[in-house]
Amino acid sequence: MALYRTGDSGEPVRDIQDRLVALGYPIGDDAPGEFGEGTRSAVEAFQHARSLTPDGLVGRETWRTMVDAGFLLGDRLLYYRMPMLHGDDVSTLQRHLNALGFDAGIVDGIFGADTLRAVLDFQQNRSMAEDGIAGPRVVEELTLMTRATRKAGRDVLKQREWLRSLPANLAGQRIFLDPFCRDSLEAEASWEAASGAAAALRELGAHPILSRAADTRPPERSRAAQSNELAADMVVAFSLPGTDCPGVFYFASPLSHSESGEALATAVSKPLGLDPIGRVTPLLQLTRSTAIVVTVPTLDATLGRAVVRGIERWMEQLAQSPESAR
């Protein structure tokens, strides 16, 4: 889709404004269809609330998140199809299922195979028609049961188990290294950082897997899918800040966040003098493995090696004293 920003006008801008207002983000004195300062401020506020890059620009990810935010659980039938349904209602469904012990996988807002299996298991458990469709009766039953059950969901328990089961070092671990490539400058710089990380991982006996070749630029969603297909133990990406701020990013949204990602991001960020920051990006949202994105203005092999050293030290500390290393 096109990128919308201050100064643009037309029906797409009016649609953006209508969605922002409906979600509780007023656009000030901007006229309908005119992307002014009021609309930009509303977009930034929405992006902040949704852990997106707060740049005031409406691109593919901000638009997708804006549309998703308009769905509440019960607004529509939820079921498995291609392309997959996605939205805040799916996230809520996943969170409820996980909290009740039905494994819907990561709370990513996408109705995939894991969510379908969890819905079928729930329907079987409650003696409902096993059609895999989350309709009014399923939603009502889920809501009532969830209110009576306040405990960590299956997704959170899996992440905590991952932290507990980490080995004391990186030897034998399959680490998916993702050099971001949104433009030529980033593609070249992130490749240097990923190459440095790969060399350090090999020295430690780990198995680095690069998400792309030096001269290719596959989309971020494709790289995330590749990580899942290869069943990586961990995902470490490198990117330039662009319109965002420097930091070590992990997955976090208003409806869920990755505890294991936050722990890893915290460990990596400290020696680099950065902050761990929750973000929603395709790589962080779609990967099944614990994932972080190291985002700094200067990417080189030295940085890549420093990140690997930080991960190795953290794993050693975690093995010796699990609580102090988190």
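Residues numbered from 1 in each chain as written. Predicted model: local features only at pLDDT ≥ 70, side-chain atom pairs only at ≥ 80, totals over all residues. Heavy atoms only, no water.

Draft legend 1. Spatial organisation of helix α3 (residues 60-69). When α3 is considered as a whole, its buried residues turn out to be T62, T65, M66, V67, D68 and A69. Buried residues along α3 sit in contact with α1 (11-22), α2 (37-49) and α4 (88-99). (Buried < 20%, exposed > 50% of the residue type's maximum accessible area, 1.4 Å probe, protein only. Helix = DSSP H or I, 4+ residues; strand = E, 2+ residues; numbered from the N terminus. Contact = heavy atoms within 4.5 Å.)

Draft legend 2. The arrangement of the pairing of strand β3 (residues 234-239) in detail. Of all the six residues making up β3, six are buried; the element is thus mostly covered by neighbouring parts of the structure. Of the pairings in the sheet, the one linking strand β1 (residues 174-179) to β3 comprises five bridges and is parallel in character. By the bridge assignment, I175 is partnered in β3 with M234. (Pairing = 2+ DSSP bridges.)

Draft legend 3. Inspection of empty space enclosed by the protein at higher detail. Tallying each qualifying case throughout the model produces two cavities of 30 Å³ or more. Here the largest cavity is characterised by a volume of approximately 230 Å³. In terms of lining, the largest cavity is formed by 20 residues, of which the most central are T65, D68, D88, V280 and Q285. Elements represented by at least two residues in the lining of the largest cavity include exactly α3, α4 and α11 (282-286). In the lining of the largest cavity, the residues fall into seven nonpolar, seven polar and six charged. Reported here for the second largest cavity is a volume of approximately 30 Å³. In terms of lining, the second largest cavity is formed by R64, D68, H86, D108, G109, I110, R221, Q285 and L286. Listing elements by their share of the lining of the second largest cavity, those giving two or more residues are α3 and α11. (1 Å grid on protein atoms, 1.4 Å probe; cavity = no way out; pocket = protein on both sides within 12 Å on 5 of 7 lines; lining within 4 Å. Points joined across faces, edges and corners; volume = space filled by probe spheres on them. Nonpolar A, V, L, I, M, F, W, Y, C, P; charged D, E, K, R; others polar.)

Draft legend 4. Just the environment of L185, in detail. With respect to the helices and strands, L185 occurs in helix α8 (residues 184-203). Judged by its relative accessible area of 61%, L185 falls in the exposed class. In the structure, L185 is positioned 55 residues away from L240 in sequence and 8.9 Å away in space, judged by C-alpha atoms.

Draft legend 5. Structural context of unusual backbone geometry. Following M82, the chain continues into P83 via a peptide bond in cis, with omega recorded as -5°. Positive phi, close to 60°, is recorded for S127, a residue that is not glycine. Inspection of the secondary structure assignment puts S127 in the loop between α5 (113-125) and α6 (136-147). Relative accessible area serves as the criterion here: at 65%, S127 is assigned to the exposed category. In this structure, A231 takes a positive phi of about 55° despite not being glycine. Turning to its location among the elements, A231 is positioned in the loop between α9 (220-229) and β3.

Don't take any of this as a statement about function, it's just geometry.
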